[in-house]
Amino acid sequence: MDSIKQAIELARGASTAPRQTASANFRTSLPQGGAPEAPVRDMRLDPNHLDANRIVAHGASGQSGRYYDMLRTQVLQEMDKNSWQFLAVTSPTAGCGKTVTACNLAMSIARLPERPVMLVDLDLRKPTIANYLGLDGTGGVLNVLEGRTSLSSAALQARVGPNSLVVLPGSVPSPNASEWMASQAMAMLLEAIKRDFRSRIVIFDLPPMLLADDVISILPRMDAMLLIAGVGSTSVADLKECQKHLQGTPVARVVVNKVTETTDSYCYGYY
Ligand SMILES: Nc1ncnc2c1ncn2[C@@H]1O[C@H](COP(=O)(O)OP(=O)(O)OP(=O)(O)O)[C@@H](O)[C@H]1O
Ligand SMILES: [Mg+2]
């Protein structure tokens, strides 16, 4: 049974008894013939701010951090096996935990020696990575798309403890998200990321799949996707609708994510 089918089964079960389960003026950073540049800005993240926003995988302690480490291992095995670099994180509908999962997965990978990782906010409608990580509101992917700044200026090296990851945050919501996702500027940005950050696993935080055509536009440019389903909030019909739009993009894992009132409030599984 594939992962979507398993998630459908879970969603069915959850309806009665919720289960905890497991443009043309685009500028890039690479000088002609030169080596890829490191991001210009360097920022140290506040662990307390991260914890308060459920970004817990920056440290090795805690059960919830360990769940993300397990997800990390499963996803990396799949990505390495297939020589994939770009991982899209999306969900059928809003609020399933995409951004929290994307940030935690990136933090967890950043703790591995010699596994460089990059986190990109491609939710142009509702960019929240900067808030969750406690970054200032400057730069942003939209500025790169509009040709107002280079990729290397917009990206930053985010440090937490002894580890670091490259982050390309969003800034303000765009009223033209759908058009940007399908644009030539976006295609060029993704090419530039592939080239300038070629040694990194790149995790893209996307909007919900069924909200608009943003995800459908960008999926063909992704190597694989991580589908986040909210137990009790994602319906069987939502999952089936997502399945129709996958267009051949492999699903690396389905994460069933659930907010609960139990003592350990992180409850999810991977399929
Ligand atoms: N595993 C979890 N346990 C408890 N709460 C969670 C979990 N994952 C996410 N949340 C909470 O759920 C809310 C939505 O999370 P998040 O912003 O990651 O969702 P999203 O899918 O990115 O939403 P959107 O569709 O609006 O972008 C946040 O308040 C977050 O703290
Ligand atoms: Mg989000």
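Coordinates for the structure precede this section.
The rules we used
- Residues numbered from 1 in each chain as written.
- Chains lettered and ligands numbered in written order.
- Predicted model: local features only at pLDDT ≥ 70, side-chain atom pairs only at ≥ 80, totals over all residues.
- Heavy atoms only, no water.
- Helix = DSSP H or I, 4+ residues; strand = E, 2+ residues; numbered from the N terminus.
- Buried < 20%, exposed > 50% of the residue type's maximum accessible area, 1.4 Å probe, protein only.
- Areas by Shrake-Rupley, 256 points an atom, 1.4 Å probe, with all protein chains shown as cover.
- Core = buried A, V, L, I, M, F, W, Y, C linked by side-chain atoms within 4.5 Å.
- Phe/Tyr/Trp six-rings, centres within 6.5 Å; stacked < 30°, edge-to-face > 60°.
- Lys NZ or Arg CZ within 6 Å of the ring centre and 35° of its normal.
- Salt bridge = Lys/Arg side-chain N within 4 Å of Asp/Glu carboxyl O.
- Polar contact = N/O pair within 3.5 Å; in protein donor to acceptor, adjacent residues only side chain to side chain.
- Contact = heavy atoms within 4.5 Å.
- Expected span 1.5 Å × (residues − 1).
- Pairing = 2+ DSSP bridges.
- Axes fitted to C-alpha atoms, helices over the stretch in contact; angles between N-to-C directions.
- Parallel < 35°, antiparallel > 145°, perpendicular 65-115°, else oblique.
- Nonpolar A, V, L, I, M, F, W, Y, C, P; charged D, E, K, R; others polar.

Caption draft 1: Geometry of the overall build of the chain. Within the chain one finds 11 helices and nine strands. By residue count, 56% of the 271 residues in the chain fall in the buried class. Accessible area of the chain: about 11,400 Å², with a carbon and sulfur share of 50%.

Caption draft 2: Inspection of the nonpolar core at higher detail. Counting 43 residues, the largest nonpolar core has Leu122, Leu168, Met186, Leu189, Ile193 and Phe204 as the members making the most contacts within it. Counting residues per element, this core draws most heavily on helix α9 (residues 184–196), which supplies six residues. Residues Ala102, Ile109, Ile129 and Leu135 belong to the second largest nonpolar core, which totals 40 residues.

Caption draft 3: The packing of aromatic side chains, seen in detail. In this structure the tally under the stated criterion is one aromatic pair. Ring geometry for phenylalanine 86 against phenylalanine 204: centres 4.9 Å apart, planes inclined by 70°, an arrangement best described as edge-to-face. Here the residue phenylalanine 86 occupies a position in strand β2 (residues 86–90), and phenylalanine 204 occupies one in strand β6 (residues 201–205), the gap between them amounting to 118 residues. The same class applies to phenylalanine 86 as to phenylalanine 204, namely buried. In this structure, lysine 194 is placed above the aromatic ring of phenylalanine 86, and the distance from its NZ or CZ to the ring centre is 4.2 Å.

Caption draft 4: Fine view of the pattern of salt bridges. Counted according to the given criterion, the structure contains 10 salt bridges. The closest approach of N and O atoms between arginine 41 and aspartate 136, which form a salt bridge, is 3.3 Å. Here aspartate 136 lies in the loop between α5 (129–133) and α6 (141–145) and arginine 41 lies in strand β1 (residues 41–44), a separation of 95 residues in the sequence. A salt bridge links aspartate 214 to arginine 125; the nearest nitrogen and oxygen atoms lie 2.8 Å apart. Residue aspartate 214 is found in helix α10 (residues 214–218), and its partner arginine 125 is found in the loop between β3 (117–121) and α5; the two are separated by 89 residues along the sequence. Looking at arginine 125, the relative accessible area reads 31%, which means it is partly exposed. Each of Asp69, Arg72 and Arg111 takes part in salt bridges that share partners, so that together they form one network.

Caption draft 5: Region of the structure containing the side chain of serine 178. Of note, serine 178 is situated in helix α8 (residues 177–181). There is a polar contact of 2.4 Å between the side chain of serine 178 and the side chain of aspartate 213. The contacts of serine 178, once residues within four sequence positions are left out, are Arg125, Asp213 and Asp214.

Caption draft 6: Just α9, in detail. With 13 residues, α9 extends 18 Å between its outermost C-alpha atoms, agreeing within 8% with the 18 Å of an ideal straight helix rising 1.5 Å per residue. Within α9, burial applies to Ala185, Met186, Ala187, Leu189, Leu190, Ala192, Ile193 and Asp196.

Caption draft 7: How the structure looks around the pairing of strand β7 (residues 224–230). The buried fraction of β7 is high, at seven of seven residues. Residues Ala224, Leu226, Ile228 and Gly230 line one face of β7 and the alternating positions Met225, Leu227 and Ala229 line the opposite face, and both faces are buried. Note that β2 and β7 share four bridges and pair parallel. Within the sheet, the bridge partner assigned to valine 89 lies in β7 and is leucine 226.

Caption draft 8: Examining the environment of isoleucine 55 more closely. Relative to the elements of secondary structure, isoleucine 55 occurs in the loop between α2 (47–52) and α3 (63–81). For the pair isoleucine 55 and asparagine 104, spaced 49 residues apart in sequence, the C-alpha separation works out to 5.5 Å. If sequence neighbours within four positions are ignored, isoleucine 55 has contacts with Leu50, Val100, Cys103, Asn104, Met107, Tyr132 and Leu133.

Caption draft 9: Summary view of the packing of α3 against helix α4 (residues 98–110). With their axes 9 Å apart at the nearest point, α3 and α4 run at an angle of 80° to one another. What the angle tells us is that α3 and α4 run roughly perpendicular. Contact residues: α3 offers Tyr68, Asp69, Leu71, Arg72 and Leu76, while α4 offers Val100, Thr101, Asn104, Leu105, Ser108 and Ile109. Here the contact of α3 with α4 is built from residues that sort into six nonpolar, three polar and two charged.

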